[in-house]
Amino acid sequence: MRVYKTMDAIMRHAPELTPDDEAKINKDCFLPYLFFRDDRKAQCREFVCTSCGEVFLEEFTKKIMTQGDYDRILNKHNDFAVCPKCGRKAQLKEMYRAKDCKSLTEWRRFVAVKPVGANTVYLLCGYAVKNYTGRNYNTKPKYDISAVYYLTPGYVRVFRKDYDYTYLGMRDGQFYEPKSIVEPFTRTYAYNISYWDKRGYSFIGFDRLQSTFLKYAPMDLFDKAYEQWWYSTHYRNSCGEFPDVKFLAYSALYSNVERLIKLGLGDFVCSLTEGRPMKRYINWNAPTVQSMFRMRKDEFRNFQKAYYGFADFEIYQILRSVKSDIQYGTVKAICERYHYEAAKRIAKVIKARKLNLTRTLHYLEKKAKEEKGPRKRPEQKDYETTAIWWTDYLDFAESLKYDLSRGDVLYPKRLKEAHDNASDAVTVQKDKLAFEKYRERYEKLKKKYEWSDGTYKILIPKGINDIVEEGKVLSHCVGGYAERHVNGKTTILFMRLAKEPEKRLVTIEVKGDTICQNYGYKDRRVTEKEKEFIEKWIAWVRAGSRRPKKKKTASAA
Ligand SMILES: [Zn+2]
């Protein structure tokens, strides 16, 4: 067997479609019609079958008639009847009623299987069109090859031609080689070989694969696996065409493809055909399936038995990099107990912090039971919550720079309490960080608004938390303005007693030198005295916030 390595050689040696292939395209790709015309004088009906091309007569006066004969003679335009020459059920079309037959024009996509030896298979893919216009009842389809696949064991080449659809019709493009194995046609939401009017593409001469190295490629199993995989990974969207040509190409390229599908691990083949070969975990060129997953025989057997989906496979791979002898069953048990999201978090933490798996699981188990209380059995959601608390806690602890080398810090005795404390501490710390960004604005606001008359004073909020706290203490809704204040969309100010500046009193919202709102506890209105101060202060703001030069500021008192 000779393997061609250049596009030129491959294309030059590509087989042509034979009349037999063309007849198959006509038969398998297009809707069959029985065009007919009644000849009253001759007492017969004339037929043309578009599927087999036969022209024949049925006499009205025939002595013995079968049901088929009746159907052909009595049925009307758009009814169905069976062609006696080829045995196909076809739609009747009365010749003069079908007018110019324009609406009967069909475009179809085909994939012709053309082996040139046991170890070389060409797939010639293309578009075929059948056009009856001009009452050309016995027309043959015209076709054009738009993609050529060259399949040999372990070596595959793909050449595609794109059309220029600037006008209705085909204009030849040049063949080029795509960077990866692609499907021959743009995907549509039609199954490859399904309903008459909704087909994706049809294989022509599929059974010819039986005499080639691809005879064991389990396409039906692949289609089943693909549909299942699609619905488990693509929510909502319907599956559409099966990438069967890609499947054949990958089956030729990697001998493990066939084995994986037969072992019920079709997910990995589906992922491969969608351009995600997961090379981090899978060596597609490996000689056996277990070596492909870098597993020992017994490991692989466990994996194959317990495999459920990509989620547990990913968690298995994470944990395996920490604990090389981990069993797939153990991972499945963790996934079942904690659910995938939390299980993945645990796995990631264990990997990142190089923790002991057994100790960690033991700890989480214990905490989940403690949290649930005595004589109660934690459910999956309890385990999940515990795992999320713990992994969150570790994130907080990290940013707070806790000493995580200590066992009692890593696995706190009272998990919930440790989690909540750390969470609060992080909020405070975040507020500090936010203040860093807000500082410039804070300084400007201070210059413009901070002022005291000795009885009252105006203060600038120190950050988001300061405003949220004001809202909590005074039981009004200013907390909701915190973000906008920090971003400069509005300005929130605090009015306090000069002698008790810690005690929250009145909140003021301003825009420039206009007061929008001012409220005290539970939205109370300001008192006359407070109002007097506010008016004095805003007059000072309007006058340009002038301060005595020598004293630092009036409010520094
Ligand atoms: Zn026929």
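Residues numbered from 1 in each chain as written. Predicted model: local features only at pLDDT ≥ 70, side-chain atom pairs only at ≥ 80, totals over all residues.

**Here's the deal with the overall build of the chain**
Okay, so step 1: Regarding its fold elements, the chain presents 18 helices and 16 strands.
Okay, so step 2: Expected size for 557 residues packed as a compact globule is a radius of gyration near 24 Å; at 39 Å, the chain overshoots this value by more than 25%.
Okay, so step 3: Along the three orthogonal principal directions, the C-alpha set of the chain runs to about 120 × 60 × 55 Å.
Okay, so step 4: By residue count, 31% of the 557 residues in the chain fall in the buried class.
Okay, so step 5: In the chain, once contacts between residues fewer than 6 apart in sequence are set aside, the share between residues at least 24 apart is 56%. (Helix = DSSP H or I, 4+ residues; strand = E, 2+ residues; numbered from the N terminus. Rg over C-alpha atoms; globule rule 2.2 N^0.38 Å. Buried ≥ 20, exposed ≤ 12 C-beta atoms within 10 Å, placed from the backbone. Contact = placed C-beta atoms within 7 Å.)

**Some thoughts on the packing of helix α10 (residues 310-320) against helix α11 (residues 328-353)**
Okay, so step 1: α11 packs onto α10 with a crossing angle of 60° between their chain directions and a minimal axis gap of 9 Å. By the angle between their directions, the pair α10 and α11 is classed as oblique. Handedness of the crossing formed by α10 with α11: left-handed. Contacts between α10 and α11 pair Ala311, Asp312, Ile315, Tyr316, Ile318 and Leu319 from the former with Tyr328, Val331, Lys332, Cys335, Tyr340, Ala343, Lys344, Ala347, Lys348, Ile350 and Lys351 from the latter.
Okay, so step 2: A per-class count over the contact of α10 with α11 returns 12 nonpolar, no polar and 5 charged. (Axes fitted to C-alpha atoms, helices over the stretch in contact; angles between N-to-C directions. Parallel < 35°, antiparallel > 145°, perpendicular 65-115°, else oblique. Left-handed = near helix turned anticlockwise from the far one by under 90°. Nonpolar A, V, L, I, M, F, W, Y, C, P; charged D, E, K, R; others polar.)

**Digging into helix α4 (residues 219-233)**
Okay, so step 1: Here α4 is 15 residues long and its end C-alpha atoms lie 20 Å apart, about the 21 Å a rise of 1.5 Å per residue gives.
Okay, so step 2: If you check which residues of α4 are buried, you get Phe222, Ala225, Tyr226 and Trp229. For α4, the arc enclosing every buried residue in end-on projection is 105°, short of the 170-degree limit, so these residues lie on one face. (Expected span 1.5 Å × (residues − 1). Arc of directions from axis to C-beta.)

**Things to note about the sheet that holds strand β3 (residues 55-59)**
Okay, so step 1: Across the sheet, which stays open at both edges, the 5 strands sit in the order β3-β2-β1-β5-β4 with mixed pairing between neighbours. Among the strands making up the open sheet, the edge pair consists of β3 and β4 (80-82). For this sheet, the mean inter-axis angle between neighbouring strands, taken without regard to orientation, is 40°.
Okay, so step 2: Inspection of the sheet shows strand β1 (residues 33-39) paired to strand β2 (residues 44-49) by 6 bridges, in the antiparallel sense. When the sheet's bridge partners are listed, Leu34 is paired in β2 with Cys49. (Pairing = 2+ DSSP bridges.)

**A word on the sheet that holds strand β14 (residues 491-497)**
Okay, so step 1: One open sheet accounts for 5 strands, arranged β12-β13-β14-β15-β16; its pairing is antiparallel. Among the strands making up the open sheet, the edge pair consists of β12 (451-452) and β16 (514-519).

**Here we look at the pairing of strand β9 (residues 155-161)**
Okay, so step 1: Looking at chain direction, strand β8 (residues 142-152) and β9 are connected through 6 bridges and run antiparallel. If you follow Tyr150 over to β9, its bridge partner there is Arg157.
Okay, so step 2: If you look at the hairpin formed by β8 and β9, you'll find 2 residues sitting between the two strands, and Gly154 has a positive phi there, around 80°.
Okay, so step 3: Judged from the 2 bridges that link them, β9 and strand β10 (residues 175-176) form a sheet pairing that is antiparallel. Residue pairing in the sheet places Lys161 in a bridge with Phe175 of β10.

**Comments concerning the environment of Val3**
Okay, so step 1: Within the secondary structure, Val3 sits in the segment before α1 (7-12).
Okay, so step 2: Judged by the 14 C-beta atoms lying within 10 Å of it, Val3 falls in the partly exposed class.
Okay, so step 3: The spatial distance from the C-alpha of Val3 to the C-alpha of Asn119 is 9.3 Å, given a sequence separation of 116 residues.

**What to know about the domain arrangement of the chain**
Okay, so step 1: On domain assignment, one finds that the chain holds domain 1 (7-177) and domain 2 (438-542).
Okay, so step 2: Computed over C-alpha atoms, the centres of domain 1 and domain 2 are 82 Å apart. (Domains from an automatic or database assignment.)

**Details of the nonpolar core**
Okay, so step 1: Counting residues in each nonpolar core, the largest one holds 81 residues, and the members touching the most others are Leu123 and Val269.
Okay, so step 2: The leading source of residues in this core is α11, at 10 residues.
Okay, so step 3: Core analysis: the next-biggest nonpolar cluster, separate from the first, contains 23 residues, Ile492, Leu493, Val510 and Trp537 among them. (Core = buried A, V, L, I, M, F, W, Y, C linked by C-beta atoms within 7 Å.)

**Quick word on the pairing of strand β7 (residues 120-130)**
Put simply, side chains in a regular strand alternate between the two faces of the sheet.
Okay, so step 1: In terms of residue burial, β7 counts as a mostly covered element, since 9 of its 11 residues are buried.
Okay, so step 2: Two elements, strand β6 (residues 106-117) and β7, share 11 bridges in a ladder whose sense is antiparallel. By the bridge assignment, Arg108 is partnered in β7 with Ala128.
Okay, so step 3: Taking the residues between adjacent antiparallel strands as the criterion, β6 and β7 are bridged by 2 residues.

**Structural notes on the environment of Ile538**
Okay, so step 1: Mapped onto the elements of the fold, Ile538 is located in helix α18 (residues 528-542).
Okay, so step 2: C-alpha separation for the pair Ile538 and Val510, spaced 28 residues apart in sequence, amounts to 9.8 Å.
Okay, so step 3: If we skip the residues at most four places from it in the chain, Ile538 touches Asp513 and Ile515.

**Considerations on helix α15 (residues 415-449)**
Okay, so step 1: For α15, the principal kink sits at Tyr438 and spans about 55°.
Okay, so step 2: Looking at α15, one finds that the buried residues are Leu415, Ala418, His419, Ala422, Tyr438, Leu445 and Tyr449. (Bend = angle between axes of the 7 residues up to and from the residue.)

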